[in-house]
Amino acid sequence: MSLYDVLLFIHIFSAILGLGPGFAMISIAKKANSMTELRHAYQIRHRVHIFVMVGGVLLLITGIVMGILRPSLFQTPWYVVSLALYLLALAIGPVILSPRSKPIKKLLKEHQGETIPGIYYSLARKLFFYERIENTIFLIIIVLMIIKP
């Protein structure tokens, strides 16, 4: 097994570990019916996000190192587009998702009572909209990696 093969294995495993759970993050919070359930859902989302971050970093590192080992990859459109989309998706987290999740985190910390306030649904709708965009980008990358057009 070559170094490239080991990296490819880690790359695929990281995609499963990192991207897979990320696709479930919206549904984790959507079924909450009380503030207790909602707080618990966001605790679960936080734990899942750790897997997403670790897998995401490993994906980027292994993908770039595979490109360094096989420089011809940088001349293939599927690799270049996948890398560009991946960097875009990574930027969405701190630039778009984080500012939209902060008011939700504040609400979860400060809200009293069990009834989920109406403002949460508005905040969550905006956050989930951008999470769906990010998930779509990841799906496009997965398709590119599989079919290598």
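In the block above lies the structure referred to throughout.
Enquirer: I keep staring at the packing of aromatic side chains and nothing clicks. Help me out?
Expert: Aromatic ring pairs are reported here in terms of the distance separating the ring centres and the angle at which the planes meet. As enumerated under the stated definition, the model contains 7 aromatic pairs in all. For the ring pair Tyr42 and Tyr120, a centre distance of 6.2 Å and an interplane angle of 90 degrees mean the geometry is edge-to-face. Of the two residues, Tyr42 is situated in helix 3 (residues 35-69) and Tyr120 in helix 5 (residues 118-147); the sequence distance between them amounts to 78 residues. An identical accessibility class is assigned to Tyr42 and Tyr120; each is buried. Measuring from centroid to centroid gives 5.8 Å for Tyr86 and Phe138, while their planes differ by 55 degrees, and the two rings are tilted. One end of the pair, Tyr86, is in helix 4 (residues 77-110); the other, Phe138, is in helix 5, and 52 residues separate them in sequence. Each of the two residues, Tyr86 as well as Phe138, counts as buried. The structure contains a cluster of three or more aromatic residues connected by ring pairs, namely Tyr42, Tyr120 and Tyr121.

Cut-offs applied
Residues numbered from 1 in each chain as written. Predicted model: local features only at pLDDT ≥ 70, side-chain atom pairs only at ≥ 80, totals over all residues. Heavy atoms only, no water. Phe/Tyr/Trp six-rings, centres within 6.5 Å; stacked < 30°, edge-to-face > 60°. Helix = DSSP H or I, 4+ residues; strand = E, 2+ residues; numbered from the N terminus. Buried < 20%, exposed > 50% of the residue type's maximum accessible area, 1.4 Å probe, protein only.

The analysis is restricted to geometry; functional conclusions fall outside its scope.
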